[in-house]
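Residues per chain, in single letters:
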Amino acid sequence: MAQRVHVLFIGSKYLFSAHSKAITMRSNEIKRFTVLAEEVYTSAIGDPGMRRDGLRVAIEAWNQCNEIALMLITPLYLVPKSPNFKVRFTLDVKQGKSPRSQLYLMDIGSCWKNNGQPCNGDVTTDVTRYSEMIINPDLQSYCNSSHLVDCPPYHTFRNGTRIHRTDKDNYPYEAYHVYCSPGNAEYTEEPKRFCDPYSNPQPQEIVQIVPHPVWGEYGYPTKKGDGWIGDPRTWELNVGKLSQALYFYQDPGTKPVKRHWPSINLGAEVYIDGNEILEWTVSDFDIIITRDDT
């Protein structure tokens, strides 16, 4: 079920490569443009050449908060729902190194209100929710037992056991990079950090995770360096089950939201720092809708 390819590249110098064809951009050549999918990709599971009628690949670049982004997007025709979907693809990271850069093995996004109701365009109550797995081995995480403000309040293990972040013997602090709660949340517990109000027109919530053994049961990397330069892999990530287990804020006493994910991406954020280059290839990107018992 090849329904979406959405990859993100950011940096002061870009090299985007999909199979054998490449697009290169530099920081002084920022543009907004559109190209046909067949000009970029040579194949995709279920749609060789990605030549479906009406399919178009949009590539955008922007500069914000000392970052630049280049994004490749194709349509998602069926919105996956937690816990019933997986994502399979092959990733080969060629080059790129920066202690502040972030390469997302998986980046998912959705939107729902704090009371569990669906978003309706009201930017005062709509909240965009994101989770990203970062695989850069040089990344220094903020969440730790002495800095609880950057950790989600709870971690839920695959067996359903729920651990509070104050449980220093059992909470997997090393599994998280950073967490921030939506700025309009009324019942967040202390200590808390609200997500910045500048990079999104409405409140947002972000959960960033890093390789750790607790994610291995979902097919995610378990240690630093997994999937990085010199370690190309084909991944099959149980994104549906992981996204169901991750903590996202919701007002107490409200019905748990059904988590739908209209944005399923992989890509990078690279801070502008010298003449930095990030290069990687992705192929055979596939979203698999699963049954409840898989």
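In this text the structure is predicted, and so the values were computed from the model without any measurement. (Residues numbered from 1 in each chain as written. Predicted model: local features only at pLDDT ≥ 70, side-chain atom pairs only at ≥ 80, totals over all residues. Heavy atoms only, no water.)

## Quick look at unusual backbone geometry
Condition: Going along the chain from the N terminus, every DSSP run of H or I of four or more residues is numbered as a helix, and every run of E of two or more is numbered as a strand.
Between serine 82 and proline 83 the backbone carries a cis peptide bond, its omega angle lying at 5°. Between glutamate 190 and proline 191 the backbone carries a cis peptide bond, its omega angle lying at -5°. Along the chain, the position of proline 191 falls in the loop between strand E12 (176-180) and strand E13 (204-209). Located in the positive-phi region is aspartate 284, a residue other than glycine, with phi close to 55°.

## Concerning the layout of surface pockets
What counts is decided by this rule: Buriedness for pockets is judged along seven lines, at least five of which must meet protein on both sides within 12 Å for an open set on the 1 Å grid over protein atoms alone, while cavities are sets there where a 1.4 Å probe fits but cannot get out, and lining residues have an atom within 4 Å of a point. Grid points are joined across faces, edges and corners, and a volume is the space filled by probe spheres set on the points. Here the nonpolar group is Ala, Val, Leu, Ile, Met, Phe, Trp, Tyr, Cys and Pro; Asp, Glu, Lys and Arg are the charged ones; every other residue, Gly included, is treated as polar.
Here the second largest pocket defines a volume of roughly 560 Å³. Around the second largest pocket sit 30 residues that line it, and Arg162, Tyr247, Phe248, Tyr249 and Gln250 are the ones nearest its centre. At the level of secondary structure, the elements contributing two or more residues to the lining of the second largest pocket comprise strand E10 (154-156) and helix H1 (239-245). Sort the elements by how many residues they give to the lining of the second largest pocket and E10 lands first, with three residues. Classifying every residue of the lining of the second largest pocket by side-chain character gives 15 nonpolar, eight polar and seven charged.

## Some thoughts on the state of the cysteines
Rule in force here: In this description, a disulfide is simply a cysteine sulfur pair whose atoms lie within 2.5 Å. Relative accessibility under 20% of the residue-type maximum defines a buried residue, over 50% an exposed one, and the middle range a partly exposed one, all with a 1.4 Å probe and only protein chains included.
Tallying each qualifying case throughout the model produces three disulfides. Disulfide pairing places cysteine 111 opposite cysteine 119 at an S-S distance of 1.9 Å. Here the S-S torsion is close to -95°, and the disulfide linking cysteine 111 with cysteine 119 is therefore left-handed. Residue cysteine 119 is classed as partly exposed on the basis of its relative accessible area of 26%. Across the disulfide from cysteine 180 sits cysteine 195; the S-S distance is 2.0 Å. Taking the torsion about the sulfur-sulfur bond, which here is approximately 90°, the covalent link between cysteine 180 and cysteine 195 counts as right-handed. Linking cysteine 180 in strand E12 with cysteine 195 in the loop between E12 and E13, this pair joins segments that are 15 residues apart in sequence. This pair shows no difference in class: cysteine 180 is buried, exactly as cysteine 195 is. Each disulfide in the protein links cysteines that, numbered along the sequence, combine into the pattern 1-2, 3-4, 5-6.

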